[in-house]
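These are the residues of each chain, in order.
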Amino acid sequence: MRCLRMLVRILVLLYLAGAPALAQTLCQPNASNGYRVRISIKTALGNQAYEWNENEMFLFRATMAFAMRRYYKTETYNVDNIIVCNQTRRVSFWFVVISPENPTMLIPKADVEKAVSMSRHRINNAFLLTDRTLEFLGIYPTLAEPVNPDTPPWLIVFGVVIGAVFAGIIALLVSSLLQKRRKEKGMMEDGQDEEDRQMKGVENGINLDGIYNRGFTDDDRFTKL
Amino acid sequence: MRLQLPNPGLEDRILSHEELDKLETEEAGSGDRPKWDNKTQYMLTCVGFCVGLGNVWRFPYLCQSHGGGAFMIPFLILLVLEGVPLLHLEFAIGQRLRKGSLGVWSTIHPYLAGVGIASMFVSLMISLYYNTIMAWVMWYLFNSFQETLPWSQCPLNYNLTGLVSECEQSSPVDYFWYRETLNSTPDIGENGGLQWWMVLCLVSAWAVLYICIIRGIETTGKAVYVTSTLPYVVLSIFLIRGLTLKGSLSGVVFLFTPNLTELTNPTTWLDAGAQVFYSFSIAFGGLISFSSYNSVHNNCEQDAVIISAVNGFTSVYAATVIYTIIGFRATERFDNCLGGNILVLLNTFDLPEGNVTESNYDQVLQSLNGTHPEVIQGLNLKTCDLNTFLSEGVEGTGLAFIVFTEAITKMPASPVWSVLFFIMLFCLGLSSMFGNIEGVLVPLQDLGVFPKSWPKESTTGITCVLCCIVGLIFVQGSGNYWLSLFDSYGGSIPLLIIAFCEMVGVVYLYGIDRFNDDIEFMIGHKPNLFWQITWRFVSPAIMLVIFVFYFITKVTETLLYKTWNPESENFPTLEEKPYPAWIYVIIFILAGIPSLAVPGTALFRCLWRKRDRKSEQQELKTVSDQMDMNDKAQDGKSRT
């Protein structure tokens, strides 16, 4: 009995000692259930770029755990469930997610993808980065839905312009029609004053108002020989 | 001994100098013939007619492709030798004979009426397609009133999984122009049906034109205060904005760097001559009409020189502005190209950011090529050269609707710049349309197509409606191809023929001596030696040379046109296709009918006159006619 208990304890100790080593072997470049992350801080932030260090890596793992929690709607995920490896100077690395219940089991790629897509916006904002500068290679950002207004804006502008133009055309046509009618009315009323208007010279293109002084009429014109 | 062709009866057809003076003082016909309210309106209208879209999108391209600053030399020389004399001639003859183009040429000699008719046809054809360009400008203008311009990004495809493939392969600006504006078919034979949004824009373009010309120069004269001055304001705003953008100066430097070897290339001189000619809107008949509304003693010589100078200056100014923006766009493209390459290198070799920058890119690439040549080969890095981007010279609609709109999307506050740019294009085009339409309306009136009793509003209205309906050809799916067809053939060869006939007609049929006397009567001094030489020898010679070369080039070239075909292999490069056989008939109608109208009308009139003379001679043989003739002779004697 005592031998059995000792054996179990040794096995547990071995297991606890070996777990991290086991976990490490789960994370490998081109792992079947892992994703590669590429971060471009200087491109995104320029002068205000921060340095990538262990603390930032910790934040990354915490954010990923948050994403997994949100996706599965449980509270079982922790920072330890996110394993990172193969970090380069580019700032790119691989990560895998292990299940909290069974440390040897990896969460399938599809689920990780869905979890990341769901919380992509929050993950980006945690690092002040964008979809382009915090890349999950293989997970494409979902495209924003385009804003489709009910009436295309150009139709509104067109309506305004064409309305104004047609109003202007009608106004001009009506005004010229009125002018013509006024002239016609004037011609009919001044039928007897025909002589007056003939003698009213048109000086400089302006019709002189007022009656021409007959005292200075050119009488010779009317006497026929 | 001056060469003067016989021209009997000329004295009877024209008003003498004394009659002209009487007309001026009495104003007897003040109701009949329109007049300018003031000199400014006249000058602005002429400037607006001459300064058009060609100054903005043809001249900069020519300048840059023919040796930059060196192109100024043939341009200015030909401006002085060809443009100014032709302009002065048209102004003087219009002011002297006080009629529209048809009236002027019929007056000079009845057989020359064909020149007027040809002018009318050309003006009509050009009006038809020019207003379609206005419709395109209005479409872009209407679409500029949005926060994100529709041509700045590709739309999503049907199931929202990605971008539309046609747009992805080409670019958002290309897609917006060829698909969402033109909805272009891959072939001129497929007409693709009417595009309803373009029909609306076409109707609005003709409506705006109608309201400006509704009462002739009474309304046009007011409209030009805006349409002729606004482009200069906008160009200046763009210049200031352009100079503050990165890379603009490299564009201007590229434009004006002279390459004097280009001067030995005859195409340079030919293109310069053609540009001067078309830019001055000569032979349309519009300028003759406009100057006939002037008072007799207006100084047309001064006007011609001023307008030529303004036109030349505007070309150079617009070219500078355009190339600041093109320089900015090219630099932007270059930066993106280089940035893309750098990113690829960083990602492939896992180098930290900032290791490879624009300055050490070449060194790093070389060293990497030395160590890992196969990897570099596999990357397919693009070669980025600023000069290549700058010399992607585009002209015409491509410049305005593709290159410039792309540059605008990269500027902050894009909608503002887009609205300004398209308003400027609209004003430039509208002021040219005034002259085009004048060249159509006045001959129609002179021919008596409309009854005299009809008011001006209805004649202009009917013309606009008919032109709009015919213009529906250009808003089909294949409309763009029809437009370039009309542009290449309808608006080129006939104009050269008409201008040549104009010069020969005035100098040799009307008589250079009489013309000199007329000008002395009108402006007070005889035209000096420069005018004599250019009118009589130099300008006609230049016109003839340009015409011959143009004709030969057009006739010998294989007729190809560029199409937008998403299924072609080299998409997005435009696919070149040969025209179908029936297009040759159309080309003949476009270029042949106006050109043949000149000799055709002469022949027609000649035959008509021969018939009249024959019937006259038959009448005189009867006795009663002889007696009548004697009576008439008696009357004539008593009157003197």
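The rules behind the values
- Residues numbered from 1 in each chain as written.
- Chains lettered and ligands numbered in written order.
- Predicted model: local features only at pLDDT ≥ 70, side-chain atom pairs only at ≥ 80, totals over all residues.
- Heavy atoms only, no water.
- UniProt positions renumbered as here; feature names shortened; annotations may be inferred.
- Contact = heavy atoms within 4.5 Å.
- Buried area = accessible area lost by both parts, 1.4 Å probe.
- Polar contact = N/O pair within 3.5 Å; in protein donor to acceptor, adjacent residues only side chain to side chain.
- Helix = DSSP H or I, 4+ residues; strand = E, 2+ residues; numbered from the N terminus.
- Nonpolar A, V, L, I, M, F, W, Y, C, P; charged D, E, K, R; others polar.
- Phe/Tyr/Trp six-rings, centres within 6.5 Å; stacked < 30°, edge-to-face > 60°.
- Pairing = 2+ DSSP bridges.
- Axes fitted to C-alpha atoms, helices over the stretch in contact; angles between N-to-C directions.
- Disulfide = S-S within 2.5 Å.
- Buried < 20%, exposed > 50% of the residue type's maximum accessible area, 1.4 Å probe, protein only.
- Salt bridge = Lys/Arg side-chain N within 4 Å of Asp/Glu carboxyl O.
- Expected span 1.5 Å × (residues − 1).

- Per an unreviewed UniProt entry, chain B goes by the name Transporter and belongs to Oncorhynchus kisutch.
- Under the Subcellular location (unreviewed entry) heading, UniProt states for chain B: "Membrane".
- The heading Sequence similarities (unreviewed entry) in the UniProt record of chain B holds the text "Belongs to the sodium:neurotransmitter symporter (SNF) (TC 2.A.22) family."

- The name given to chain A in an unreviewed UniProt entry is Collectrin, amino acid transport regulator, and the organism recorded there is Oncorhynchus kisutch.
- Check the Subcellular location (unreviewed entry) section of the UniProt entry for chain A; it says "Cell membrane".

**What about the interface of chain A and chain B?**
Here is step 1 of the chain: Contacts between chain A and chain B engage 32 residues on the former and 31 residues on the latter.
Here is step 2 of the chain: Between chain A and chain B the total buried area reaches about 2,800 Å² when both faces are included, carbon and sulfur atoms providing 69% of it.
Here is step 3 of the chain: In this assembly, chain A and chain B are joined by nine residue pairs in polar contact (both at pLDDT 80 or more).
Here is step 4 of the chain: Every element with two or more residues in the side of chain A that touches chain B is listed here: β1 (35–39), α2 (41–45) and α6 (153–189) of chain A.
Here is step 5 of the chain: Sorting elements by how many residues they give to the side of chain A that touches chain B places α6(A) first, with 15 residues.
Here is step 6 of the chain: The residue inventory of the side of chain A that touches chain B, partitioned by class, reads 17 nonpolar, eight polar and seven charged.

**Re the packing of aromatic side chains**
Here is step 1 of the chain: Taken as a whole and judged by the stated rule, the model has 57 aromatic pairs over all chains.
Here is step 2 of the chain: A centroid spacing of 6.1 Å and a plane angle of 85° characterise the contact between A:Phe95 and A:Phe136, whose relative ring orientation is edge-to-face. Placement of A:Phe95 in strand β3 (residues 92–97) and of A:Phe136 in strand β4 (residues 134–137) is noted, with a sequence separation of 41 residues between them.
Here is step 3 of the chain: On the basis of an interplanar angle of 50° and a centroid distance of 4.7 Å, the ring pair of B:Phe59 and B:Phe75 is categorised as tilted.

**A closer look at the sheet that holds β1(A)**
Residues and elements named next belong to chain A.
Here is step 1 of the chain: Read across the open sheet, the four strands follow the order β2-β3-β1-β4; overall the sheet is antiparallel. Strands at the two margins of the open sheet, each flanked by one partner only, are β2 (82–85) and β4. The average angle at which neighbouring strand axes cross in this sheet is 30°, direction not considered.
Here is step 2 of the chain: Relative to β3, β1 is paired through four bridges, and the arrangement is antiparallel. Considered in β3, the bridge of arginine 36 is made with tryptophan 94.

**So, the side chain of B:Arg179**
All names here are of chain B.
Here is step 1 of the chain: Within the element layout of this structure, arginine 179 appears in helix α10 (residues 172–181).
Here is step 2 of the chain: Within the local environment of arginine 179, its side chain forms a polar contact with the side chain of asparagine 183, the two groups lying 2.8 Å apart.
Here is step 3 of the chain: Reaching out from arginine 179, the side chain makes a polar contact with the backbone oxygen of serine 184 at a distance of 3.3 Å.
Here is step 4 of the chain: In contact with arginine 179, not counting residues within four places along its chain, are Glu166, Asp174, Ser184, Trp564 and Pro566.

**Overview of the state of the cysteines**
Residue and element names in this part refer to chain B.
Here is step 1 of the chain: By the definition in use, this model includes two disulfides over all chains.
Here is step 2 of the chain: Between cysteine 154 and cysteine 167 runs a disulfide, and the two sulfur atoms are separated by 1.8 Å. One disulfide, between cysteine 154 and cysteine 167, carries an S-S torsion of -85° and so falls in the left-handed class. Remark: cysteine 167 occurs in helix α9 (residues 165–169) and cysteine 154 occurs in the loop between α8 (113–142) and α9; sequence separation between them is 13 residues.
Here is step 3 of the chain: Note on cysteine connectivity: cysteine 337 is disulfide-linked to cysteine 384, with sulfurs 1.8 Å apart. In this structure the cystine formed by cysteine 337 and cysteine 384 twists about its S-S bond by roughly -80°; its chirality is therefore left-handed. With cysteine 337 in helix α17 (residues 300–349) and cysteine 384 in the loop between α19 (373–379) and α20 (386–390), the pair connects residues that are 47 residues apart, well separated along the chain.
Here is step 4 of the chain: With no disulfide of its own, cysteine 46 lies 6.5 Å from the sulfur of cysteine 50, the closest cysteine sulfur.
Here is step 5 of the chain: The closest cysteine sulfur to the non-disulfide-bonded cysteine 606 is located on cysteine 501, 16 Å from its own sulfur.

**A word on the UniProt feature "binding site: Na(+)" (unreviewed entry) in chain B**
Residue and element names in this part refer to chain B.
Here is step 1 of the chain: Taken from the UniProt record, the annotation "binding site: Na(+)" (unreviewed entry) applies to Gly48, Val51, Asn55, Ser279, Asn311, Leu428 and Ser432. Of the residues just listed, which span 385 residues, no C-alpha pair is farther apart than 12.7 Å, and they cluster in one region.
Here is step 2 of the chain: Other than its neighbours up to four places away in sequence, asparagine 311 contacts Cys50, Val51, Asn55, Ser279 and Phe280.
Here is step 3 of the chain: Checked against the element boundaries, leucine 428 lands in helix α22 (residues 414–447).
Here is step 4 of the chain: Given a relative accessible area of 4%, leucine 428 falls into the buried group.
Here is step 5 of the chain: Apart from residues no more than four positions distant in its own chain, leucine 428 is found in contact with Gly48, Val51, Gly52, Leu53, Val56 and Pro231.

**Details of the pattern of salt bridges**
Residues and elements named next belong to chain B.
Here is step 1 of the chain: What the rule picks out here adds up to 16 salt bridges over all chains.
Here is step 2 of the chain: Close ionic contact of arginine 215 with glutamate 218 constitutes a salt bridge, the shortest N to O distance being 3.4 Å.
Here is step 3 of the chain: For arginine 215, a relative accessible area of 17% translates into the label buried.
Here is step 4 of the chain: Since its relative accessible area comes to 44%, glutamate 218 is described here as partly exposed.
Here is step 5 of the chain: Across the pair glutamate 457 and arginine 215 runs a salt bridge whose closest N-O atoms are separated by 3.4 Å. With glutamate 457 in helix α23 (residues 456–470) and arginine 215 in the loop between α11 (196–213) and α12 (217–227), this pair connects stretches of sequence that are 242 residues apart. Neither residue differs from the other here; glutamate 457 and arginine 215 are each classed as buried.
Here is step 6 of the chain: Here the residues in one salt-bridge network are Arg329, Arg333, Glu406 and Lys410, joined through shared partners.

**Things to note about the environment of A:Arg9**
Residue and element names in this part refer to chain A.
Here is step 1 of the chain: For arginine 9, the position within the fold is in helix α1 (residues 2–26).
Here is step 2 of the chain: The exposure class of arginine 9 is exposed, given its relative accessible area of 53%.
Here is step 3 of the chain: Each C-alpha atom of the pair arginine 9 and phenylalanine 60 lies 35 Å from the other, and the pair is 51 residues apart in sequence.

**Description of α23(B)**
Here is step 1 of the chain: When the terminal C-alpha atoms of α23(B) are compared, their 21 Å separation across 15 residues agrees well with the 21 Å that a helix rising 1.5 Å per residue should span.
Here is step 2 of the chain: Looking only at α23(B), the buried set comprises B:Glu457, B:Thr459, B:Thr460, B:Gly461, B:Thr463, B:Cys464, B:Cys467 and B:Cys468.
Here is step 3 of the chain: Where α23(B) is buried, its residues contact α6 of chain A together with α8, α11 and α22 of chain B.

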